[in-house]
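Fold and contact review
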Amino acid sequence: MSCEQPSPDQCISRLSCRPRHILNGMISISEAAKPSAIKRDASSSSIGLLDILPVEFSLSHLSRVSLQGNEVVRSLPAYRSLMEHAPHALAALGRTRLISLHSANALYGTLLSEQCISCGEYGAFLFLPTCERCCYECLCRNQSLWVIPTTLARKCFDLTLSQLKRLPIMRSVPGSYFVGHTISRQRQLKLTSVKAAKELGIMIHGSTENMAETLTARRSGGMTEKEYHTFRWLQDAPLHPPGQDLSRLPTEGNRYRFKQLAPTVVSDLVPPGCDAFRIFLGMQRRARSHAGFLDHITHCHGARENWIVD
């Protein structure tokens, strides 16, 4: 009797998952963005000087200028695609007050892209401050993709209040989030990206080394050891994409022994000098596109164990 080959959708349904502990660490918008339901004649509502400008500026600013401006926004291919395929992303940008920072082309380009801005693998998430795709592993391990309260950014990068105003600021969305542990925030916080704060710090202080020296000098002024080492780690944020899976970086940590896997399987998957636990954890948390997942399960040891795939 011949064994019927499972369909691609059956393979994905059986072998994939959407881990709640990962999704619960992200901003969740229950109500997606919707076009305005107001129907009025925009023919006599001019957008003034903007009539002669290209449409490469913020959707938020243009849509608020006038009814005609709102009609221009709604006629853009980028806007229509975003409303159709990523309305929750638009809603999140609106709730965090970041939508005014991103042009129509930037949003549209992100919608069409797939790569994580940090490692180049599939990026399932949207990093709101820069409107770039990223993956969960890089969100965890690359501090450039972290956001911190503006009060912390000021202390870490030795910025004045007036200098702080030069940073792009987002508002947090109240709720409960899982970030290794569950935290709950009922009030909005002003946040900025670590990368943007570091770039401004370098511009003001001259170099990363100068910032580190200033931090060391401030260490004796009542700064706790925890604060000092946190600030040093944030100041070490990479300004350029590492360009590789951060779970596969060489480490001096102990190699975790996976008794349930044959040594040959572990040696095939874990490069020399890397930590097996970090790599397998990274593989477990790696999101993939539809096509990428189907390709992955054809040579995945775990998939073969759960369902033989020819």
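For the structure, see preceding data.
My aim in this report is to walk through the structure given alongside it, one point at a time. (Residues numbered from 1 in each chain as written. Predicted model: local features only at pLDDT ≥ 70, side-chain atom pairs only at ≥ 80, totals over all residues. Heavy atoms only, no water.)

**Some points on the environment of Val266**
Keep this limit in mind: Secondary structure elements are taken from DSSP: a helix is a run of H or I of four residues or more, a strand is a run of E of two residues or more, and numbering for both begins at the N terminus.
Mapped onto the elements of the fold, Val266 is located in helix H14 (residues 263-269). Separated by ten residues in the primary sequence, Val266 and Ala276 place their C-alpha atoms 7.5 Å from one another.

**Topic: the nonpolar core**
Applied cut-off: What is meant by a nonpolar core is a set of buried Ala, Val, Leu, Ile, Met, Phe, Trp, Tyr and Cys residues, joined one to another through side-chain atoms within 4.5 Å. Buried, partly exposed and exposed residues are distinguished by accessible area as a fraction of the type maximum, computed with a 1.4 Å probe on protein chains only: under 20%, between the cut-offs, and over 50%, respectively. Should any heavy atoms of two residues lie within 4.5 Å, those residues are considered in contact.
Membership of the largest hydrophobic core comes to 18 residues, with the highest contact counts inside it found for Ile148, Phe157, Leu159, Leu167, Val194 and Leu234. At the level of elements, helix H9 (150-156), helix H11 (194-205), helix H12 (208-218) and helix H13 (225-235) are the ones that each hand at least two residues to this core. Element by element, the count of residues in this core is highest for H11, at four residues. In this structure, Val194 is in contact with Gln143, Trp146, Ile148, Phe157, Leu234 and Ala237, ignoring residues within four places of it in sequence. Of all hydrophobic cores here, the second largest spans 15 residues; its members include Ile29, Ala91, Leu107 and Leu191.

**Observations concerning the pairing of strand S5 (residues 175-178)**
This is how the line gets drawn: Here a strand pair is declared whenever DSSP counts at least two bridges between the two strands.
Side chains Gly175 and Tyr177 project from S5 onto a buried face, and the interleaved Ser176 and Phe178 project onto a face without burial. Here S5 pairs with strand S6 (residues 182-185) via four bridges, running antiparallel. Bridge pairing in S6 places Phe178 opposite Thr182.

**What to know about H13**
Quick reminder of the rule: This arc is built from the directions going out from the helix axis to the C-beta atoms.
The complete set of buried residues in H13 reads Tyr228, Phe231, Leu234 and Gln235. The buried residues of H13 occupy one face: seen down the axis, they fall within an arc of 130°. Residues of H13 that are buried in the fold lie against strand S3 (147-149), H9, H11 and H12.

**Considering the packing of H11 against H12**
We count it as follows: Here the axes come from fitting lines to C-alpha atoms, over the contacting stretch only for helices, and the angles between their N-to-C directions go from 0 to 180 degrees. Oblique is the label for any angle not covered by the other classes, which are roughly parallel (under 35 degrees), roughly antiparallel (over 145) and roughly perpendicular (65 to 115). Charged means Asp, Glu, Lys or Arg here, nonpolar means Ala, Val, Leu, Ile, Met, Phe, Trp, Tyr, Cys or Pro, and polar covers whatever is left, Gly included.
Running from N to C, H11 and H12 point in directions that differ by 90°, and their axes come no closer than 8 Å. By the angle between their directions, the pair H11 and H12 is classed as roughly perpendicular. The residues of H12 that touch H11, namely those facing Lys198, Gly201, Ile202 and His205, are Thr208, Asn210 and Met211. Residue composition of the contact of H11 with H12, grouped by class: two nonpolar, four polar and one charged.

**Quick word on the environment of Cys140**
Its location among the elements puts Cys140 in helix H8 (residues 136-141). By relative accessible area, Cys140 is classed as partly exposed at 29%. Note: C-alpha distance between Cys140 and Val179 (39 residues apart in sequence) is 8.9 Å. Excluding residues within four positions of it along the chain, Cys140 makes contact with Trp146 and Arg285.

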